[in-house]
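# Observations on chain architecture
Here is how the chains run, residue by residue.
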Amino acid sequence: VKDGSWTVLQLVEALGSCLENTDPRMRGRGIQLLSHVLLQCYSLLQEKEVLHLVLFYENRLQDHHLVIPSVLQGLRALSMCEVLSPGLAVSVLKAIFQEVHVQSLLQLDRHTVYSIITNFMGSREEELKGLGADFTFGFIQMMDGEKDPRNLLVAFQIVRDLIAKNYALGPFVEELFEVTSCYFPIDFTPPPNDPHGIQREDLILSLRAVLASTPQFAEFLLPLLIEKMDSDLQSAKLDSLQTLTTCCAIYGQKELQEFLPSLWSSLRREVFQTASEKVEAECLAALHALSACLSRSVLSSDTEDLLNSFLSSILQDCRHHLCEPDMKLVWPSAKLLQAAAGASLRAYHQVTCTVLPLLLEQYTKHPQSSQRRTILEMLLGFLELQQKWGLVEEDENTLLSLRASVCSVVFSALTDPSVQLQLVGIRALTVLGSLQGFLSPSDLELVVDHLIRLALHEDSQSSEAAMEAAGTLAPFYPKVFSGHMVPRLEEELQSEREEDSSHDHCSLRQRCLQALAAVSTHTSIVKETVPVLLQHLRKVQKGSEAGNTQGMVSVCQSLHRVALQCQQDDDGCWYYHQTVVPCLLAMAVPAAMQESAHPLLGKALIEEEVLAAMVPVISAATTHLSPELAAQSVSHVVPLFLDGEVSFLPQNSFPCSFQPFEDGECFDTQRRLIALLMAFVCSLPCSVSWCRELLALSCSCLCPFTATTAAKCFAGLVNKHPAGQQLDEILQLAVNRIEPSLGEGPRRMQALTLLLWVTKALLLRYHPLSSHLTDKLLGLLSDVELGPAVADGFLLLMAEPPDVLHKGCHADVRIMFRQRFFTTNVPKLVQGFHGAGPDVKANYLKGLSHVLNHLPKPVLVTELPTLLSLLLEALSCTDRVVQLSTLSCLQPLLLEAPQIMSLHVDTLVTKFLSLTSSPTMAVRIAALRCAHALTSLPTAVLLPYKARVIRALAKPLDDKKRLVRKEAVAARGEWFLLGSPGR
Amino acid sequence: GERPVTAQEEDDELPDAIDDREIFDISVFLNLAHLIRSINDPEHPLTLEELNVVEQMRVKVNDAESTVAVEFTPTIPHCSMATLIGLSIKVKLLRSLPERFKLDVHITPGTHASEHAVNKQLADKERVAAALENSHLLEVVNQCLSARS
């Protein structure tokens, strides 16, 4: 039939004897064959053929019950025909409604009937609507009593379409509601290994869509919801509340009016009584939706404003609780009011004009800080709602009329001795400040005064909060902050107080610096604070105090924070770069040169710690430059380092020359400044082609700091260098230098450091040479002297360094480099492990654990099975370094891939327990941590071991070392909870 | 704050005795959020230490004689949760201490209306065991002992 060599009519004729057979079984077989053919080629049928077939099938519906399933299949095929002539759909449905008792069929056949209806509804909407309410009625009768979740999903969809597409429901609204709502609330647990994958959630959502699809259901649905909110089952409660919330989206005043009092009393009861945060959250969401729904309705002049009366009843029930800040109901009441108020501006006005004055009054009435804190937190909640709408200029604006008292309450909180109250006050202040136009200029000055006082406060919590608030508010009022706060902080910073003990003074200065950085959130303020910070840095450098280094590090930290805050703003960023970078260089260069002559002066500035703190400052100042501006800056900085060209620095007359790349001992300190060069060039958005000097330096310098920095700098440049002959030459040069030094001599470590960094740089950009270099590293793992350092180097290869070679500083990083490294190198690591001597086995394992710990979880989980046997074998190794690194590798895996690990639970339990009595404390601790991590495996797998583990863990509870006991307590406690109620 | 780790504690050889602070740290680590919810601020449930239920000065340990005594102070004199709090502390310590220790958990004298009755319940091994047979009670206690909130 498919090829067109047979027509369907010919087929029917050929089947004739079969179709007319008196044995129902034979007839059934015949029709089944025909239906199968039709299902495969319904699209080829002619209109005429369809007409005949439909008449035939309708007729067959009266046949024996054995035949019906096949008949329905055939009708389903026909229902998909596009050429079905008008009127046939209606007649098929009528016949089905009349002749078939759907609920006595099997699940599959019922499903067929639903499909027929769905098909017709999709293609013959107009015709079906012609049937009027009869169609609805027929369908109601048909689905009444349906039990199978698969069919229910389809049936619910049909009901939803009935309503959404405006089919005539006629007098059958209530019946339609009954036939669907009887499933509410859904109570269905999918059988284990259910192939159909229908979840409880699917049914809930699809039923909810039906129930909440039309306001016509409201009069039946709302009483049902109110009843089910009372249910003992939490799931029924949640479902009712969520359905209510959904309904509110389409309901109006008319539907809700009658039920508002009982809805409110149910919601109130739940919020006041429940112990479950989930129920509470859903109640609040429902209340919010109700209030929003009532606010939306258009009022005609003669009807009562329902929102008004609804809110009044809420206020009446809640307001007296607000006056009792010690009692349990205060928070639930506040939350209810906030949920209702948050729905619309109108609701907000009505609630706040009662609640705000009340709260303000209560604040004055209750003198205790803890009570005040509660009250202020509630007040804060309402203020935060106001932020949603901004400050609307209206006569009736409650908040504006209460400005004076709100401000006085917040200010009094800020001066309260209780830190907790201060913190809430600071949050309230932030909200008030962000309401444009709320605070008067005099208030603002007061705000700034308070913030300065609190920022310099001894308590770190309120100091941090005040700084954060200042940072948030500064962009709103840049003038006030740069005019008041910055000078005050500067003054504070410069004041030399003799009477203070030096420690206090130090921490005060520290907070000043932090506050200056925190407030620099607007370009105009940055232009004020940066000079102050730099000025202070110069002052500290000249000073001779002991805390010099620490002082300079803190200035650098503040500068770094400012840099991060102004990165996004082009103007601010360029200003910052132009000001800070030359200034830092101008301070560092003479300091480094002076030291060659007089070793004592200004020494602190070029200490490694300080230089390391400057690196992020320069880096952050550079990363966001546009390429043109960056190029401009390069033309100054690079000649400085290469040729000692100091002319662009402010105050550029120096007694001797700056030659960091010259050989000779007297240039040792100058060479350290390579760190600053690294920070600059490695963060540039463009590449700089100039590497040879760095290469030489990194191999030859004996000072580890300088050598490492030079290696990093070289790696950063190599990573960005465009591919081509030039790059190949540079790399060849590097390899030629590394290889001989690696072999022997005093500079092996330097050569290794350079090798690691170059490998990293190439690995990131998928350069072909990287595999050669990695192989070299793998070979070095068996080196007795360098092996441990190489193993640690794998961490460097996998992790993201903070200062160079990451996306932020425009490095060329391919996203999959870790996976790639894993696939090519882990087999080699495993092989190496098996072949290695006992003294170096640990190196391989350590390298492996670094690689595994940095791998994305999904990749790890797929590769884990092949590696686990190796790790388990390593646990039996007697070397404690191997044990320790294996345990530290296994612990995160237990948490992340519990399913795979649970296959080996027996081995794991045994090994971990035996290692808890290792003579080495660190191994005992790691083993106990692993035993603790075991509890994240599926409980069913663990239960057989529970008693044994609990017994075994009793011993380390009495370990002689406290740190071991601590882990034992944690692990044992967790094992006790396994499989117990309440876990 | 957290107890800082000393150099002695990191030394593999030197033994550290079980002291008051250690037992205090164990007993304070209970999660009572669901028992005393929304007293003050539901967003920041207070710890036992902040509620002054357990204080280090009320913990007495003698490692050599293997005894531990913990006094706890119910939040208010009529606190209905006193027995549950005491039970949770007791179970936590039973699970966390070596078997050799003799354990005594009781209410700080004069801080609870039915102090005597609660102490008697907590001291009675059989009643503690029986309480833990009750699955509802066990559930509540386990919630207190669970690290996840």
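Residues numbered from 1 in each chain as written. Chains lettered and ligands numbered in written order. Predicted model: local features only at pLDDT ≥ 70, side-chain atom pairs only at ≥ 80, totals over all residues. Heavy atoms only, no water.

The secondary structure content of chain B amounts to 6 helices and 3 strands. The helix and strand sequence of chain B, counted from the amino end, reads α-α-β-β-α-β-α-α-α. Counting every position in chain B, which comprises 149 residues, the buried fraction comes to 44%. At a minimum sequence separation of 6, the contacts of chain B that also span at least 24 residues come to 65%. (Helix = DSSP H or I, 4+ residues; strand = E, 2+ residues; numbered from the N terminus. Buried < 20%, exposed > 50% of the residue type's maximum accessible area, 1.4 Å probe, protein only. Contact = heavy atoms within 4.5 Å.)

Let us look at the overall build of chain A. Along its length, chain A carries 49 helices and 0 strands. The globule rule puts the C-alpha radius of gyration for 983 residues at 30 Å, and the 39 Å found for chain A is more than 25% above it. Its C-alpha atoms give chain A principal-axis dimensions of roughly 115 × 80 × 65 Å. Burial analysis of chain A (983 residues in total) assigns 56% to the buried set. When contacts within chain A are restricted to residue pairs at least 6 apart in sequence, those whose partners lie at least 24 apart make up 72%. Element-wise, carbon and sulfur atoms account for 53% of the exposed surface of chain A, whose accessible area totals about 41500 Å². On chain A, the mean spot of the 80 positive side-chain charges and the mean spot of the 104 negative ones are 7 Å from each other. (Rg over C-alpha atoms; globule rule 2.2 N^0.38 Å. Areas by Shrake-Rupley, 256 points an atom, 1.4 Å probe, with all protein chains shown as cover. Lys, Arg positive; Asp, Glu negative; His and termini not counted. Charge placed at Lys NZ, Arg CZ, Asp CG, Glu CD.)

Turning next to the interface of chain A and chain B. Counting from both sides, the interface comprises 32 residues of chain A and, opposite them, 41 residues of chain B. Between chain A and chain B, a total of about 3000 Å² is buried, with carbon and sulfur atoms accounting for 43% of that surface. Summed over the shared surface of chain A and chain B, the number is 6 salt bridges. Of the charged contacts in the structure, one is a salt bridge between Arg962(A) and Glu22(B), with a shortest N-O distance of 2.9 Å. Going through the elements one at a time, α16 (277–296), α18 (330–341), α20 (369–389) and α49 (962–977) of chain A are the ones with two or more residues in the side of chain A that touches chain B. The leading source of residues in the side of chain A that touches chain B is α49(A), at 9 residues. Counted by class, the side of chain A that touches chain B contains 11 nonpolar, 5 polar and 16 charged residues. (Buried area = accessible area lost by both parts, 1.4 Å probe. Salt bridge = Lys/Arg side-chain N within 4 Å of Asp/Glu carboxyl O. Nonpolar A, V, L, I, M, F, W, Y, C, P; charged D, E, K, R; others polar.)

One can expect most non-glycine residues to show negative phi and most peptide bonds to be in trans. All names here are of chain A. Of the consecutive residues Phe184 and Pro185, the connecting peptide bond is found in the cis state with omega at -15°. Mapped onto the elements of the fold, Pro185 is located in the loop between α10 (173–181) and α11 (200–211). A positive phi angle, close to 60°, is found at Tyr766, a residue other than glycine. Among the secondary structure elements, Tyr766 is positioned in the loop between α38 (748–764) and α39 (769–780).

Residues and elements named next belong to chain A. Ranked by size, the top nonpolar core spans 391 residues in total, and within it Leu78, Phe139, Met143, Phe481 and Tyr576 carry the most contacts. If one sorts the elements of this core by residue count, helix α30 (residues 570–597) sits on top with 15 residues. Phe139 has contacts with Phe97, Tyr114, Ile117, Ala155, Ile158, Val159 and Leu162, leaving out every residue within four places of it along the chain. (Core = buried A, V, L, I, M, F, W, Y, C linked by side-chain atoms within 4.5 Å.)

Quick look at helix α9 (residues 149–164) of chain A now. Residues and elements named next belong to chain A. Compared with an ideal rise of 1.5 Å per residue, which puts 16 residues at 22 Å, α9 spans 22 Å between its outermost C-alpha atoms and is within 8% of the ideal. Buried within α9 we find Pro149, Asn151, Leu152, Ala155, Phe156, Ile158, Val159, Asp161, Leu162 and Ile163. Considering only its buried residues, α9 is in contact with α6 (107–123), α8 (133–143), α10 and α11. Measuring from the backbone nitrogen of Arg150 back to the side-chain oxygen at the start of α9 gives 2.8 Å, which picks out Asp148 as the cap. (Expected span 1.5 Å × (residues − 1). Polar contact = N/O pair within 3.5 Å; in protein donor to acceptor, adjacent residues only side chain to side chain.)

Quick look at the pattern of salt bridges now. Counted according to the given criterion, the structure contains 34 salt bridges over all chains. Through salt bridges with shared partners, a single ionic network connects Arg962(A), Arg965(A), Glu9(B), Asp19(B) and Glu22(B).

Attention now goes to the confidence of the model for chain B. Residues and elements named next belong to chain B. When pLDDT is averaged along chain B, the result is 79; 82% of the residues meet or exceed 70. pLDDT under 50 marks residues 37–44. Its contacts with residues more than four places away, or in other chains, come to 17 contacts. Overall fold confidence (pTM) sits at 0.70, and the ipTM for the predicted complex is 0.90. (pLDDT = per-residue confidence, 0-100.)

With that out of the way, let us pick up the domain arrangement of chain A. Residues and elements named next belong to chain A. When cut into domains, chain A gives domain 1 (551–656 + 663–679), domain 2 (687–855) and domain 3 (875–982). The interface is formed by 12 residues belonging to domain 1 together with 17 residues belonging to domain 2. Taken together, the two surfaces of domain 1 and domain 2 that pack against each other cover about 1300 Å², and 81% of this comes from carbon and sulfur. The largest per-residue losses of area from domain 1 upon contact with domain 2 belong to Thr623, Ile674 and Met678, which jointly make up 38% of the total buried on that side. At the surface where domain 1 touches domain 2, the tally comes to 0 salt bridges. Where domain 1 meets domain 2, there are 0 residue pairs in polar contact (both at pLDDT 80 or more). Listed by contribution, the elements that provide at least two residues to the side of domain 1 that touches domain 2 are α31 (608–623), α33 (668–672) and α34 (674–681). (Domains from an automatic or database assignment.)

Now for the pairing of strand β2 (residues 67–72) of chain B. Every regular strand shows the same layout, with side chains that alternate between the two sheet faces. Residues and elements named next belong to chain B. Inspection of the sheet shows strand β1 (residues 54–62) paired to β2 by 5 bridges, in the antiparallel sense. Across the sheet, Asn62 pairs through a bridge with Thr67, a residue of β2. Counted along the chain from β1 to the antiparallel partner β2, the turn is 4 residues long, and its residue Ser66 has a positive phi close to 55°. Both β2 and strand β3 (residues 102–107) contribute to a ladder of 6 bridges, which runs parallel. Bridge pairing links Val70 to Val105 in β3. (Pairing = 2+ DSSP bridges.)

It is worth spelling out the sheet that holds β2(B) at this point. Sheets are built from strands that pair by backbone hydrogen bonding, the pairs being arranged parallel or antiparallel. All names here are of chain B. Overall, mixed pairing links the 3 strands, which are arranged β1-β2-β3 in an open sheet. Of all the strands in the sheet, just β1 and β3 have a single pairing partner and so form its edges. The sheet shows a mean angle of 15° between the axes of neighbouring strands, direction not considered. Across the sheet, helix α4 (residues 115–123) is in contact with β2 and β3; its angle to β3 comes to roughly 160°. (Axes fitted to C-alpha atoms, helices over the stretch in contact; angles between N-to-C directions.)

All right, on to the packing of aromatic side chains then. The relation between two aromatic rings is expressed through the spacing of the ring centres and the mutual angle of the planes. Residues and elements named next belong to chain A. Considering all chains together, one arrives at 10 aromatic pairs over all chains under this definition. Ring geometry for Tyr114 against Phe139: centres 6.4 Å apart, planes inclined by 70°, an arrangement best described as edge-to-face. One end of the pair, Tyr114, is in helix α6; the other, Phe139, is in helix α8, and 25 residues separate them in sequence. Among the residues examined, Tyr114 registers a relative accessible area of 0% and is labelled buried. Judged by its relative accessible area of 0%, Phe139 falls in the buried class. Of note, Lys129 hangs over the ring of Tyr167, and the distance from its end group to the ring centre comes to 5.4 Å. The aromatic ring of Tyr575 is capped on one face by Lys527, whose charged end is 5.5 Å from the ring centroid. (Phe/Tyr/Trp six-rings, centres within 6.5 Å; stacked < 30°, edge-to-face > 60°. Lys NZ or Arg CZ within 6 Å of the ring centre and 35° of its normal.)

Now for the environment of Leu432(A). Residues and elements named next belong to chain A. With respect to the helices, strands and loops of the structure, Leu432 is situated in helix α23 (residues 419–434). On the basis of relative accessible area, Leu432 is assigned to the buried category, the value being 1%. When the C-alpha atoms of Leu432 and Val406 are compared, they prove to be 9.3 Å apart, with 26 residues separating the residues in sequence. Excluding residues within four positions of it along the chain, Leu432 makes contact with Leu383, Val406, Val410, Phe438 and Leu439.

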